[in-house]
Amino acid sequence: IRLEVALGERAYPILIGAGLLERAGEWIAPLLKGRRRVVVITDTNVGPLHLPRLTAGLAAAGVSVDTVTVPAGEGSKSWAGIADLVDRLLDLRVDRGTLLLALGGGVIGDLVGFAAAITMRGVDFVQIPTTLLAQVDSSVGGKTGINTKAGKNLVGSFHQPRLVLADMDCIATLPPRQLRAGYAEIVKHTVLGDAAMFAWLEAGGGAALLAGDRAALAKAVRHSCETKATIVAADEREGGQRALLNLGHTFGHALEAETGFSDTLLHGEAVAIGMVQALDLSVRLGLCPAADKARLVAHLVACGLPVDQQACGGPFDPATLVAHMRLDKKAKAGELTFVLCTGLGSAIVRDGVPESDVLPVLSEAH
Ligand code: NAD
Ligand code: ZN
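None of these values were measured; they are calculated from a predicted model.

**Here we look at the coordination of the zinc ion (ligand 2)**
For a metal with four tetrahedral donors the ideal donor-metal-donor angle is 109.5 degrees, whereas six octahedral donors ideally subtend 90 or 180 degrees. Within the first shell, the zinc ion (ligand 2) binds the protein through Glu185 (OE), His249 (NE2) and His267 (NE2), at distances of 2.0 to 2.1 Å. Linear spacing of the donor residues for the zinc ion (ligand 2) on their chain is E-x63-H-x17-H. In this pair, His249 sits in helix α9 (residues 249–258) while His267 sits in helix α10 (residues 267–284), placing the two residues 18 residues apart along the sequence. Taking the relative accessible area as the measure of exposure, His249 reaches 7% and is therefore buried.

**As for the pattern of salt bridges**
Applying the stated rule across the entire model yields 23 salt bridges. In this structure, the salt-bridge partner of Glu238 is Lys143, at a minimum N-O distance of 2.6 Å. Separated by 95 residues along the polypeptide, Glu238 in the loop between α8 (214–234) and α9 and Lys143 in strand β7 (residues 143–148) bring together distant segments of the chain. On the basis of relative accessibility, which here comes to 21%, the residue Glu238 falls in the partly exposed class. In this structure, Glu269 engages Arg177 in a salt bridge whose closest nitrogen and oxygen atoms are separated by 2.6 Å. Linking Glu269 in helix α10 with Arg177 in helix α6 (residues 176–193), this pair joins segments that are 92 residues apart in sequence. Note on Glu269: relative accessible area 9%, which makes it buried. Judged by relative accessible area, Arg177 falls into the partly exposed class, the value being 31%.

**Side note on the site of ligand 1**
Near ligand 1, the surroundings consist of 26 residues, among which Asp43, Gly106, Thr130, Thr131 and Thr173 are the closest. A distance of 2.8 Å separates an oxygen atom of ligand 1 from a polar atom in the side chain of Lys77. Considering ligand 1 on its own, with 870 Å² of exposed area, one finds that the protein chains cover 89% of that surface. Elements represented by at least two residues in the shell around ligand 1 include exactly α2 (46–59), α4 (106–118), α5 (132–138) and β8 (151–158).

The rules behind each value
- Residues numbered from 1 in each chain as written.
- Chains lettered and ligands numbered in written order.
- Predicted model: local features only at pLDDT ≥ 70, side-chain atom pairs only at ≥ 80, totals over all residues.
- Heavy atoms only, no water.
- Donors = N, O, S within 2.8 Å, 3.2 Å for Na, K, Ca; no water.
- Helix = DSSP H or I, 4+ residues; strand = E, 2+ residues; numbered from the N terminus.
- Buried < 20%, exposed > 50% of the residue type's maximum accessible area, 1.4 Å probe, protein only.
- Salt bridge = Lys/Arg side-chain N within 4 Å of Asp/Glu carboxyl O.
- Near = heavy atom within 4 Å.
- Polar contact = N/O pair within 3.5 Å; in protein donor to acceptor, adjacent residues only side chain to side chain.
- Areas by Shrake-Rupley, 256 points an atom, 1.4 Å probe, with all protein chains shown as cover.

Next up, the structure:
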């Protein structure tokens, strides 16, 4: 499967399939303009599992590889992590023509993308996402960055990759909980834009994907990448409709902040709960039929995803959660902004939602 992110001279392809790492040289060598060297950056979990296949695939095309391995986990997406990575790249004598390859989940993709944006004032990079979350969401669209004391993803840059290689074979080694968390972003893409695809997931497509069915996985990854590519091409810097991709994220981020962005609650799990809360708010505001919220809850539950705060040690104090939302970088002047659902398959952005409408949602169990 080959898709295109239509961004003019910064356009790039997304390739989705099995066995892509072994063939990586075919697509990467042409990006090297006669050079023969790349630097692969991966983490301590992914390296042992998938780096040998990638290295072999590059060697087959005569490309030599330097490797930098960083500790697995969100902690690497930090000031210390970016400083360490850039220093190690400079030690390897990278120059403006060096291509960086990000082999890993969203942490590696965000970190390497940011390193590519700032090293030598910008070098090219390729996303090779290995988690479901990264394949269906974070590897496409060019948002890169790190976390700081003040919060997640508050420092970064828009820097588009030259290519996204989503090898479905990587998904086979992913822990089931990580697989489900990534699946939440697939559900998100259908809730905000495609009722028929939601119905397909609901009718067994989602269960098949989670059970390891390759055809179902390919169909869903393709759908998510198409959805994201279309929205990003129309609004690269999130001036408008790209914000729709934040469905469930204002609520979700507040929960992640409360749980300390830890393993207690994975990002995708927070998005699952956050989507239910966003639909609850949409129902309360008269925008969305209650039956649609019920369908979402039923599907998430059937897939083993959490749907309320009780699943992550809550319920938390609603006023504290609202305070997190006002600090969210999507919030303008401390106003509460939400992506709301106007029925499964369509969504809108609403600014200035009164706190009095939000508080009841935060004390509700589903
Ligand atoms: P992650 O990169 O931490 O990966 C999750 C875990 O799985 C890690 O322990 C990793 O080592 C391991 N792993 C990765 N691939 C594996 C594989 N194939 N087999 C076995 N283990 C594997 O987390 P993630 O969920 O991929 O990404 C989360 C990050 O993505 C967050 O930092 C989030 O902010 C970011 N994100 C960015 C965007 C964006 O647009 N840039 C969008 C969504 C999320
Ligand atoms: Zn997300």
